[in-house]
Amino acid sequence: MSARKIERPSRRLFLRGLLGGAAVAVGLPIFEMMLNGNGDAFADGEDIPTRFGLWFFGNGVHLPTWTPPTVGPDWTVPEDFGLAPLLPYKEYVSVISGLSVMTPRHPHHSGMSAVCSGGPHLKIDDVRDTIVSTMKYPSIDQVAAQYFQSLAPNPYKSLEVAVTRFRGTDEGTSFQHLSHNGSKSGETNVNPSEESPHAFFDRLFNKGAGSPQVDRARGSVLDAVSGQIKTLQGRLGAKDKQRLEQHLTSISEIESRLNLPIGECNKPDDPGVFPDLASNEQIAEKNKAVSDLVALALSCGLTRSFSIQYSTCGSGAVFWMVGATDGQHYMNHTEPAPYTKQKDAVRFTMGQLAYFLDRLKNTPDATGNLLDHSSIFVCTEHTEGWTHAQDDLPMLLCGKGGGRLRGNVHYRQEGGSASRALMTALRGAGLPLTEFGYEEAHTKERIAELETA
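Overview of the structure. Computed from a predicted model, the values in this text were never measured in an experiment.

## Quick notes on helix α8 (residues 283–300)
Here's step 1: For α8, built from 18 residues, the straight-helix expectation of 26 Å at 1.5 Å per residue is met to within 8% by its first-to-last C-alpha distance of 25 Å.
Here's step 2: Counting buried residues along α8, 15 of its 18 residues qualify, which places the element largely inside the surrounding structure.
Here's step 3: Looking one or two places after α8, you find Gly301, whose phi comes out positive at around 75°.

Pasting the structure below:
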């Protein structure tokens, strides 16, 4: 184990060292000493970075208990609605309803490409009674990542992570992956989401692949940079020193949680993942680990663009905690009205999104928090599972975008292009777009009602 000198880039601090022979990099949060007198920019005049996120969940919603009854500022919903778990965070959440897929339609496939890339899907082949497809154009997390990298390179151009497990499909990358780079002739060109929180943690801290025994022998990533931490502590004011302690504690807690012995009742094939317990996927536990790690990565400045695939397009995840015994896609085809399990599954899913937003809101960033400095687009590939409709798409825009986004607005336009929402989300992250989308989905209309200027 060895350590190097503290590296000070113009706007970020990174501690670097060696752990078990592998290079380790620990990013640090934005400290007050880096800011101007008002705390609203870096001392050199650079803006506080805005992050962009794409948070996707499959199979639509239960529309009668999704859409807020009124349009305009200060939306609210009854307690049994799907959006109810987000009410404590609604100052950061705007609801978008009524928009449609404008490109040629196919169940799931066209909706996935329209809400994630602003373009049509690319059919590759026929299979059974459906098709194989991919995204013809890059998903918007990659649009944002490309823009951010053109301004100033980050350690990771983008980060991709999943919560629920992919359960197999023969319908192409549209069903398996969220982050796409665009495809010209049907080739696979994706950024796969990491399903294992263990592997994601190792990627963030550049620990490399290793067995659990090797990982334990390596010790904590913080051990590799302990000397630099002591040096840095002596240079910080009281408030920055407190922020550093909170940041290091957060890293240590996540690292400890991921190294805890896994439950005795089911011996997992791979101890590096969250195994099923009594045949039930640990969705809430994985969501918590994933959300904590993404918040940490954003706070560390490891990336400015991320995607979270909570569940895949046409997901077969089983929401056992609401009484479901079948995969969600099959359940959507078989559950009779009034579709109670789908309603409860959507409400549970929004509870998981609420955890992520809460984590960002409670992570300091400059003089605000990470949610203040983020624009996060939340979407699903169709309206309702039992109709596979692609009108009145459920969409959310979360975060304040560094002051660019209002929050707490319900905007509705019946029949408008879904690309309007994508363009507004990207603008919220600072991309200077005046038009967006491809082919029939191209638009020059942002949603001005959701922006502050």
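From this point, things continue past the structure.
## Brief notes about the pattern of salt bridges
Here's step 1: Taken as a whole and assessed by the stated rule, the structure comprises 21 salt bridges.
Here's step 2: The salt bridge partner of Glu281 is Arg165, with a shortest N-O separation of 4.0 Å. Of this pair, Glu281 sits in the loop between α7 (238–258) and α8 while Arg165 sits in the loop between β9 (159–162) and α3 (173–176); the two residues are 116 residues apart in sequence, bridging distant segments of the chain.
Here's step 3: By relative accessible area, which is 28% here, Arg165 ends up partly exposed.
Here's step 4: Among the salt bridges present, the one from Arg427 reaches Glu451, with a minimum N-O distance of 2.8 Å. One end of the pair, Arg427, is in helix α11 (residues 419–428); the other, Glu451, is in the segment after α11, and 24 residues separate them in sequence.
Here's step 5: Beyond isolated ion pairs, a larger network of salt bridges with shared partners links Arg128, Asp129, Asp170 and Glu171.

## Section: the packing of aromatic side chains
Here's step 1: Using the criterion set out here, one finds 10 aromatic pairs in the structure.
Here's step 2: Where Trp55 meets Tyr310, the ring centres are 5.1 Å apart and the plane angle is 20°; that geometry is what we call stacked. Separated by 255 residues along the polypeptide, Trp55 in strand β4 (residues 51–56) and Tyr310 in the loop between β12 (305–309) and α9 (328–334) bring together distant segments of the chain. Tyr310 matches Trp55 in its accessibility class, with the two residues each being buried.
Here's step 3: Relative to Phe319, the ring of Tyr310 has its centre 6.4 Å away and its plane inclined at 20°; by these criteria the two rings are stacked.
Here's step 4: Of the aromatic side chains, those joined through ring pairs into one cluster are Trp55, Phe57, Trp66, Tyr310, Phe319 and Phe348.
Here's step 5: Against the face of Phe148 rests Arg304, its NZ or CZ located 4.0 Å from the ring centre.
Here's step 6: Positioned above the aromatic ring of Tyr92, the side-chain terminus of Lys400 is 5.8 Å from the ring centre.

## Re the side chain of Thr164
Here's step 1: Turning to its location among the elements, Thr164 is positioned in the loop between β9 and α3.
Here's step 2: Residue classification places Thr164 among the buried residues on the basis of a relative accessible area of 3%.
Here's step 3: A polar contact of 2.6 Å, which involves the side chain of Thr164, links it to the backbone oxygen of Tyr310.
Here's step 4: In this structure Thr164 touches Glu281, Ile283, Gln309, Tyr310, Ser311 and Ala317, once residues within four positions along its chain are discounted.

## Some details on the pairing of strand β8 (residues 130–135)
Here's step 1: Burial runs high along β8: 6 of the 6 residues are buried.
Here's step 2: Of the pairings in the sheet, the one linking strand β7 (residues 121–127) to β8 comprises 6 bridges and is antiparallel in character. Note on β8: the bridge partner recorded for Val127 is Thr130.
Here's step 3: The hairpin turn running from β7 into β8, its antiparallel successor, is 2 residues long, and Arg128 in that turn takes a positive phi close to 50°.

## Things to note about the sheet that holds strand β5 (residues 72–73)
Here's step 1: An order of β5-β17-β6-β16-β15-β4-β12-β9 is seen for the 8 strands of this open sheet, with the pairing classed as mixed. Each edge of the sheet is formed by a strand with only one pairing partner; in this case those strands are β5 and β9.
Here's step 2: Pairing of strand β15 (residues 374–379) with strand β16 (residues 395–398), which is carried by 4 bridges, proceeds in the antiparallel orientation. Residue pairing for β16: Phe377 is matched across the bridge by Leu397.

## Remarks on the packing of α8 against helix α10 (residues 340–361)
Here's step 1: The N-to-C vectors of α8 and α10 enclose an angle of 30°; their axes lie 9 Å apart at closest approach. When the interaxial angle is binned, α8 and α10 end up roughly parallel. Along this stretch, α8 crosses α10, giving a crossing that reads as right-handed. Facing Ile283, Ala284, Asn287, Lys288, Ser291, Asp292, Val294, Ala295 and Leu298 of α8, the residues of α10 in contact are Phe348, Gln352, Tyr355, Phe356, Arg359 and Leu360.
Here's step 2: Per-class residue counts for the contact of α8 with α10 are 9 nonpolar, 3 polar and 3 charged.

## Overview of the environment of Phe436
Here's step 1: Along the chain, the position of Phe436 falls in the segment after α11.
Here's step 2: Phe436 sits in the buried class, given a relative accessible area of 6%.
Here's step 3: C-alpha separation for the pair Phe436 and Gly119, spaced 317 residues apart in sequence, amounts to 9.4 Å.
Here's step 4: Once residues lying within four places of it in the same chain are set aside, the contact partners of Phe436 are Ser117, Gly118, Ile140, Val143, Ser419, Leu422, Met423, Leu426, Ala441, His442 and Thr443.

## Some words on unusual backbone geometry
Here's step 1: Residue Pro338 follows Ala337 across a cis peptide bond; omega there is 15°.
Here's step 2: We note that Tyr339 has phi near 60°; this positive angle belongs to a residue other than glycine.
Here's step 3: Counting through the fold element by element, Tyr339 comes out in the loop between α9 and α10.
Here's step 4: Phi at His388 takes a positive value of approximately 55°, unusual for a residue other than glycine.
Here's step 5: His388 sits in the buried class, given a relative accessible area of 14%.

## Some thoughts on the packing of helix α4 (residues 197–204) against α8
Here's step 1: As a packed pair, α4 and α8 sit with axes 10 Å apart at the nearest point and diverge in direction by 10°. Considering the angle they form, α4 stands roughly parallel to α8. Contacts between α4 and α8 pair Pro197, Phe200, Phe201 and Leu204 from the former with Lys286, Ala289, Val290, Leu293, Val294 and Ala297 from the latter.
Here's step 2: Class assignment of the residues belonging to the contact of α4 with α8 gives a composition of 9 nonpolar, no polar and 1 charged.

Parameters at a glance
Residues numbered from 1 in each chain as written. Predicted model: local features only at pLDDT ≥ 70, side-chain atom pairs only at ≥ 80, totals over all residues. Heavy atoms only, no water. Helix = DSSP H or I, 4+ residues; strand = E, 2+ residues; numbered from the N terminus. Expected span 1.5 Å × (residues − 1). Buried < 20%, exposed > 50% of the residue type's maximum accessible area, 1.4 Å probe, protein only. Salt bridge = Lys/Arg side-chain N within 4 Å of Asp/Glu carboxyl O. Phe/Tyr/Trp six-rings, centres within 6.5 Å; stacked < 30°, edge-to-face > 60°. Lys NZ or Arg CZ within 6 Å of the ring centre and 35° of its normal. Polar contact = N/O pair within 3.5 Å; in protein donor to acceptor, adjacent residues only side chain to side chain. Contact = heavy atoms within 4.5 Å. Pairing = 2+ DSSP bridges. Axes fitted to C-alpha atoms, helices over the stretch in contact; angles between N-to-C directions. Parallel < 35°, antiparallel > 145°, perpendicular 65-115°, else oblique. Left-handed = near helix turned anticlockwise from the far one by under 90°. Nonpolar A, V, L, I, M, F, W, Y, C, P; charged D, E, K, R; others polar.

So, to be careful, I would describe these as geometric facts and stop short of saying anything about function.
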